[in-house]
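Chain by chain, the residues:
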Amino acid sequence: MRPPQDPRADAIVVLTGGQERIEKAVALLGERRAQRLLISGVYPGTTARQISARTATDKELFACCVDLDRKALNTIGNANETTLWAREHGFSSLMLVTSAYHMPRATMELSAAMPELQLVAYPVVAEELQLEDWYLRPQTIRLLLREFVKYTLARARVSTIGLPDGD
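Now for a quick tour of the structure. (Residues numbered from 1 in each chain as written. Predicted model: local features only at pLDDT ≥ 70, side-chain atom pairs only at ≥ 80, totals over all residues. Heavy atoms only, no water.)

## A few points about the pattern of salt bridges
Any two side chains of opposite charge can pair, on the condition that their charged atoms come close.
Here's step 1: Across all of its chains, the model carries eight salt bridges by this definition.
Here's step 2: A salt bridge links Asp 6 to Arg 8; the nearest nitrogen and oxygen atoms lie 3.4 Å apart.
Here's step 3: Under the relative-accessibility criterion, Arg 8 is labelled partly exposed at 46%.
Here's step 4: Residues Arg 157 and Glu 109 are paired through a salt bridge, measuring 2.3 Å at the closest nitrogen-oxygen approach. In this pair, Arg 157 is assigned in helix α6 (residues 138-160) and Glu 109 in helix α5 (residues 103-113), connecting sequence segments 48 residues apart. Of the two residues examined, Arg 157 and Glu 109, each falls in the buried class. (Salt bridge = Lys/Arg side-chain N within 4 Å of Asp/Glu carboxyl O. Buried < 20%, exposed > 50% of the residue type's maximum accessible area, 1.4 Å probe, protein only. Helix = DSSP H or I, 4+ residues; strand = E, 2+ residues; numbered from the N terminus.)

## Some points on the nonpolar core
Here's step 1: Counting 22 residues, the largest nonpolar core has Ile 12, Val 14, Leu 29, Leu 37, Ile 39, Met 95 and Val 97 as the members making the most contacts within it.
Here's step 2: For this core, the secondary-structure elements that each account for two or more residues are β1 (11-15), α1 (19-30), β2 (36-40), α3 (59-65), β4 (93-99) and β5 (118-124).
Here's step 3: A total of five residues in this core trace back to one element, the largest contributor, which is α1.
Here's step 4: Every residue in contact with Leu 29, bar those within four places of it in the chain, is listed here: Ile 12, Ala 34, Gln 35, Arg 36, Leu 37, Leu 61, Cys 65 and Val 66. (Core = buried A, V, L, I, M, F, W, Y, C linked by side-chain atoms within 4.5 Å. Contact = heavy atoms within 4.5 Å.)

## Considerations on the packing of aromatic side chains
Here the distance between the centres and the angle between the planes together describe a pair of aromatic rings.
Here's step 1: Counted by the stated rule, this structure contains two aromatic pairs.
Here's step 2: Look at Trp 85 and Phe 91: their rings are 5.1 Å apart centre to centre, the planes differ by 55°, and that puts the pair in the tilted class. You'll find Trp 85 and Phe 91 in the same group, each marked buried.
Here's step 3: With centroids separated by 5.8 Å and ring planes inclined at 80°, the aromatic side chains of Trp 134 and Tyr 135 adopt a geometry described as edge-to-face.
Here's step 4: Note on Trp 134: relative accessible area 40%, which makes it partly exposed.
Here's step 5: Here Tyr 135 falls in the exposed class, since its relative accessible area comes to 52%. (Phe/Tyr/Trp six-rings, centres within 6.5 Å; stacked < 30°, edge-to-face > 60°.)

## A look at the packing of helix α4 (residues 75-89) against α5
Here's step 1: One can describe the packing of α4 onto α5 by two numbers: an axis separation of 9 Å at closest approach and a directional angle of 45°. If you check the angle between α4 and α5, you find them oblique. Where α4 crosses over α5, the two elements pack in a sense that is right-handed. On α5, the residues that touch Thr 75, Ile 76, Asn 78, Ala 79, Thr 82, Thr 83 and Arg 87 of α4 are Arg 105, Ala 106, Glu 109, Leu 110 and Ala 113. (Axes fitted to C-alpha atoms, helices over the stretch in contact; angles between N-to-C directions. Parallel < 35°, antiparallel > 145°, perpendicular 65-115°, else oblique. Left-handed = near helix turned anticlockwise from the far one by under 90°.)

Pasting the structure below:
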C-alpha cells in the first residue's frame, strides 16, 4: 500500500502503535490536509504536552486541533471511539493513518462502525520493518501472520455479527 498523492479529508485519525504513525498524522494536520486530528488509543498516563514535544508540533496547532482518545484499547475500541468523535464533529470524510500491515483490518473495522463516512487510507511503513524479504525474517513473519489471523477473525465477526458495542 502506498499513501495517496494529495490526501485530504475533513479530519484525521491515527491509531497508536508507532511513533512514525503519530508523526505522519501530525505532519498531515500541519500541512492543512484536514481540520482536526484524533490520536486514538493514547496511554492514559501520556499527556498532550509529551506528544506535542515528541512530535515537535506547534503548541497552538496541538491545542486547537488535536484530540486524544484514551479509552480505546484495541482496533475495535479505536473504531468505536473514532465513530463517536467523528459524529460529534459532523465529519463526512476521515483520513486513517496506521501501519500498512494494519490498514486492511483498521479500514474494515472503521467502515463497519461508520459506513456513511468516506475513508482515505494513509498507510505508514516503519523504517525498521523490512518487507522486501519478509519471508527471511522470523520477526516479520510473526508480525504479518498475527495480523493475518486477527484480520481473518475480524472479517468473520464483522460479516456475521457486526461490530460489538465499545462499552
